[in-house]
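Observations on chain architecture
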Amino acid sequence: MLWPLALVAEEHVWYLDSDHDSFGDPAATYPLPQDWTPTPLLTARAGDPDDGNPWVFPWPVPQGGRRAGLPLLSSAESGGWPASLYRELGVDAVTQRIPWTALESAPGVYAGPDAAILAALAATLPSTGLGLSLTLSTIERTRLVLPEDLRAQVEAGELRMHDEAVVGRYTALLDHVHATLGSAVELVGLQLAYEFDRRFPLQPDLQFWIDFQVFCFRVTQHAKSLWGAALPVGVTATHDGLTRMPQQALVQYVASSADVVSMTLLPASHDFSVADPSRLDLAALIAQVLEAHPGKPLHIEAAGYPSAASVGGSELRQSQFLYELFEVWDAQAARIPFIAFAALHDEAAPGAEAAVALDAMQPAAAATDFFASLGVRRRAGEGSHKTAYNTLRNELFERGWWTAPPAASRPYRVGFTPKLYDFPDDPGDVLAVEQFVFEKMATEGDFTNIHMDGGIPWPEAYADDFQSPTPPYSANLLETWRAMRERRPPGNALLVSINPLGIPRRHLAPYWGVGEEFSYQQEPPWARVPSGVVSDGAPRLPPPPWDTYDFDDAPVREAFINYARRAVEFFEPDYLLIGIEVSATQVEDEAAWQGFLDMHKVVYAALKTRYPDLPVMVSVSATSYMTDEFWPLVDDPAAATGHTWKDDEMAPGVRERLRQGLSDILPYTDILGLSHYPHFGKYNAYQMPASMWDQLFVLLDEIGAGAKPLAVTESGYSADPFYIALTDAWYPELFTGSPEKQARHLDLMFYELRNSGHPVEFVANFAVRDGDLWHQRLTALSDDVFNQFYQYFRDIGIYDGAGGDRPGTLRWRREAALPYVPAE
């Protein structure tokens, strides 16, 4: 086929994303230079059926009965394979092509160069859960790959393909393969030839193809007698062979007895140049095949797109090809039960692949570059992902392919904050709420985070001379502290979290004590509006002169040190956190960050002098350091092709400042705490890319923190959808949370932390139970702008709003039930 050529090799195509749901308008394309930094208005993927409506977007179709595969072994690799990569990607099948002649070295003797592969498959696959799509080729593109004695006689016309001498030898081969693989290897498909239509120009004799069809029918019956009647058997052709005359008629005849239509999807022109994926129209290409072969399932045995610039490819285009392929696969899920992707690794020398000419004019160098760059990772010795690796991983993850490998233990503690899900007026109802929360904290965790982010008793802490064993704080504060200490589940490790930062984080924390209540208004954003009501509690407006102080004022530093000392002596914690989500301060105001950083150094030094064995730490917003899969494409972070996770907060220069700020604070935190809420930011809850953690860990390595202990101080993912419509945002935000996504969030977080290479101390989910009840009370009382903001945290409990189980409950329980074995 004459595939459409690329627009301009140096340009990438981007799509307008007016509703900011990360899916673009396929009709609104913008070719831009490859080194150009996209704005949040543009996205790398299309697929949005209505780009003006955030409520309309393409829902990924769950995996169902579909299978996804990757090639497994070559002769050189038959001794081993990177099982961890297949598990991480989530593929559930492997493909293996073996020419008949590479197995049968002499009549009835199976000692050919690929014989070891069969043994490796038999030894390896049963423990992985991966199925096998096996091609035992009789025709490999242009070549007849029968054993030499048979090939010579068939080509000389002395034997015909349906003769018993040929059929019997192949069925004996099937017997050998069946015996070698055994019943433990799940065969998900058997192909008898690979791109066999390429031989048509060299084998124009129609009788050969009639005989070959009879051969296929007869050996198919034998294969089903071995592996069962449900085994899909076919012959693999190219897309051209399946859709273009005159090849189409012959392919249809040869494959008439096949159970499935089988093809490759490697969209190259005759000179091996490739078009930009936006011009391929994969939906139409695949529809051609399905319409030409009604009623039969379609297996795609090799789908791929090159990244080599010499043939018009790139890493971004390779990822965009996968986006479009999954979009089509979702639309045709009922007709396409199997797709295998072309390669895991690029090849240093693709050899036979590149040597096969599509026609006499094919340039060998272009063929080499095309086939050598089909992998989603760079060459095996280089060991690094291309962006397509994470695209493939993310697309499979979104549809439920990936599952975390089973673990025998956990290297971290797990637990919650004592966040109450309701604040009823009746004391008996309050007691019932507390009992539910603290019972679950005791039975489904071994860690507790007493999270106090509402204020600081600034003047009392500053004046504290420590002459009394009782802190000189208000009755509300002391009552709160006593209640939390008394209700702390026995045996749980304890983190006490206090915070000098307010909301927004560029401000000093409000007051905790007897003071004037306030609310937050929307314009100007987050302004504190006094209510005129004075009461004991938090948050309250700081009294003068504290309402004028900032981080660099000496009374602030001294008061916070005193407050931290009182918290340590009162609670006797195992860990002390003295700054919550400190990265948000730097995002909002660099000057405020520098003031906080200077203050933190003083506070940290004072506390470590007094409590040298107590781990003292801060937390950062983990998603502020996360990016999509395209970020690594450009070495210069200021000109990176991809998007940061929290795209809405990343004004020019912010990410670079965050990187420096993280490096600056690391010496002053014994453990790096992560506040991890991936349901808001660039992707909201539309998507949950499995690769989200990668750039965070890369950044830690780059700043010399590759072995820094980590902890998830708070986390959550919304199990229900919600909508935010703040006027200070340039777009409304829809968050499409679900119970299934929440469970996947937990699965992914536990997996990534286990495999991070960092010691991990603990993992906290912020809420035990959804806060539907308290949010209903809040919205009934006022229209405070925080009521919308609180939706982020309303539905992040492990239990739903009625206290019932859901998938996240079960996933959390499985983790909590594992024995705790701390990393050495």
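Structural notes, computed from the coordinates. Values in this document were obtained by computation on a predicted structure and should not be read as measured data.

Analysis parameters
- Residues numbered from 1 in each chain as written.
- Predicted model: local features only at pLDDT ≥ 70, side-chain atom pairs only at ≥ 80, totals over all residues.
- Heavy atoms only, no water.
- Buried < 20%, exposed > 50% of the residue type's maximum accessible area, 1.4 Å probe, protein only.
- Helix = DSSP H or I, 4+ residues; strand = E, 2+ residues; numbered from the N terminus.
- Pairing = 2+ DSSP bridges.
- Axes fitted to C-alpha atoms, helices over the stretch in contact; angles between N-to-C directions.
- Parallel < 35°, antiparallel > 145°, perpendicular 65-115°, else oblique.
- Left-handed = near helix turned anticlockwise from the far one by under 90°.
- Contact = heavy atoms within 4.5 Å.
- Nonpolar A, V, L, I, M, F, W, Y, C, P; charged D, E, K, R; others polar.
- Core = buried A, V, L, I, M, F, W, Y, C linked by side-chain atoms within 4.5 Å.
- Expected span 1.5 Å × (residues − 1).

1. Some points on the pairing of strand E22 (residues 616-621)
A regular strand carries its side chains on alternate faces of the sheet. For E22, a buried count of six out of six residues is recorded, marking the element as mostly surrounded by other parts of the structure. Because side chains alternate across E22, one face comprises the buried residues Val-616, Val-618 and Val-620, and the other comprises Met-617, Ser-619 and Ser-621, equally buried. As paired elements, strand E21 (residues 575-577) and E22 share two bridges and run parallel to each other. Within the sheet, the bridge partner assigned to Leu-577 lies in E22 and is Met-617. The pairing of E22 with strand E23 (residues 672-676) spans four bridges and is parallel. When the bridges of E23 are listed, Val-618 appears paired with Leu-672.

2. Re the packing of helix H16 (residues 554-571) against helix H18 (residues 590-610)
It is the contact of H16 with H18, at a shortest axis distance of 10 Å, that shows an interaxial angle of 40°. With respect to H18, the element H16 is oriented oblique. The two elements H16 and H18 cross, and the hand of that crossing is right-handed. Together, Val-556, Arg-557, Phe-560, Ile-561, Ala-564 and Arg-565 of H16 and Gly-595, Asp-598, Met-599, Val-602, Val-603, Ala-606, Leu-607 and Arg-610 of H18 make up the contact between the two elements. For the contact of H16 with H18, the per-class residue count stands at nine nonpolar, one polar and four charged.

3. Re the sheet that holds strand E2 (residues 29-33)
Here three strands make up an open sheet; going across it, the order is E2-E1-E3 and the pairing antiparallel. Edge strands, defined here as strands with exactly one partner in the open sheet, are E2 and strand E3 (42-43). The pairing of strand E1 (residues 11-16) with E3 spans two bridges and is antiparallel. Its bridge partner lying in E3, Tyr-15 is registered against Thr-43.

4. Re the sheet that holds strand E18 (residues 493-498)
The sheet built from eight strands closes into a barrel, its strands ordered E16-E17-E18-E21-E22-E23-E24-E27 with parallel pairing. Mean inter-strand twist for the sheet, computed between neighbouring axes without regard to direction, equals 25°.

5. Structural notes on the nonpolar core
One recurring pattern in soluble globular proteins: nonpolar side chains tend to sit buried together. If you look at the biggest cluster of nonpolar residues, it comprises 107 residues, and the most contacted ones within it are Met-452, Trp-481, Tyr-563 and Trp-693. Among the elements that make up this core, the one with the highest residue count is H16 (ten residues). Residues contacting Tyr-563, with those up to four places away along its chain left out, are Met-452, Gly-455, Ile-456, Pro-457, Ala-461, Tyr-473, Leu-477, Trp-481, Ile-498 and Trp-512.

6. With respect to H16
Taking 1.5 Å per residue, 18 residues should reach 26 Å; H16 reaches 26 Å between its end C-alpha atoms and fits that length. For H16, a buried count of 15 out of 18 residues is recorded, marking the element as mostly surrounded by other parts of the structure. The positive-phi residue at the C-terminal boundary of H16 is Glu-572, with phi of around 50°.

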